[in-house]
Amino acid sequence: MIIRKLNKKDKGVFSKESYEIGQLIYTFNPQYIEQPTRTSIQHEGMHFEDEVGRYLNHNCLPNTDIVSDGRGIHLVALDVIRKDDELTFDYNRTESKLTNPFYCGCHGLLIRGKDG
């Protein structure tokens, strides 16, 4: 994976190789925090920061999902991902309430979290 600028202020995470559906892409190195931030990820009720995860952007039709097993929290492919595709996940599926709600660029929907 590589982090690239999308514009003057935003960045995204892009694939350096292709992935098949269900394939493991990345294992997070979570640094758990008490309160959510604009860049934190919520999983199973806990918020964490991650050096790559902080740049994963939202999409209403994401190509990845965040899952866990006994070995860690992982990013897995929900769809076929090609080299240079941006990796995205649906914030409304993971976050209870976003600290910075926004209207998405993909469908113009208000993204505020599943309880927002």
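Because the structure is predicted, anything quoted here is derived from the model rather than measured.

## Remarks on the sheet that holds strand β6 (residues 46-49)
Adjacent strands of a sheet form backbone hydrogen bonds with each other and so pair up, either parallel or antiparallel. Spatial strand order, β4-β6-β5: 3 strands in an open sheet with antiparallel pairing. The sheet is open, and its two borders are formed by β4 (31-33) and β5 (41-43), each paired with just one other strand. Across the sheet, the mean angle separating the axes of adjacent strands is 45 degrees when strand polarity is ignored. Where β5 and β6 come together, 3 bridges link them in antiparallel fashion. Across the sheet, the residue bridging to H43 is M46, located in β6.

## What about the packing of aromatic side chains?
What the rule picks out here adds up to 5 aromatic pairs. Each ring, one from F89 and one from Y91, has its centre 5.0 Å from the other, and the planes form 50 degrees; the classification is tilted. Here F89 matches Y91 in class, with each residue buried. A centroid spacing of 5.9 Å and a plane angle of 80 degrees characterise the contact between Y91 and F102, whose relative ring orientation is edge-to-face. In this pair, Y91 sits in helix α1 (residues 91-94) while F102 sits in strand β11 (residues 102-103), placing the two residues 11 residues apart along the sequence. A residue is classified by how much of its surface remains accessible, and Y91, at 15% relative accessible area, is buried. Look at F102 and you get partly exposed, because its relative accessible area is 29%.

Conventions and cut-offs
- Residues numbered from 1 in each chain as written.
- Predicted model: local features only at pLDDT ≥ 70, side-chain atom pairs only at ≥ 80, totals over all residues.
- Heavy atoms only, no water.
- Pairing = 2+ DSSP bridges.
- Helix = DSSP H or I, 4+ residues; strand = E, 2+ residues; numbered from the N terminus.
- Axes fitted to C-alpha atoms, helices over the stretch in contact; angles between N-to-C directions.
- Phe/Tyr/Trp six-rings, centres within 6.5 Å; stacked < 30°, edge-to-face > 60°.
- Buried < 20%, exposed > 50% of the residue type's maximum accessible area, 1.4 Å probe, protein only.

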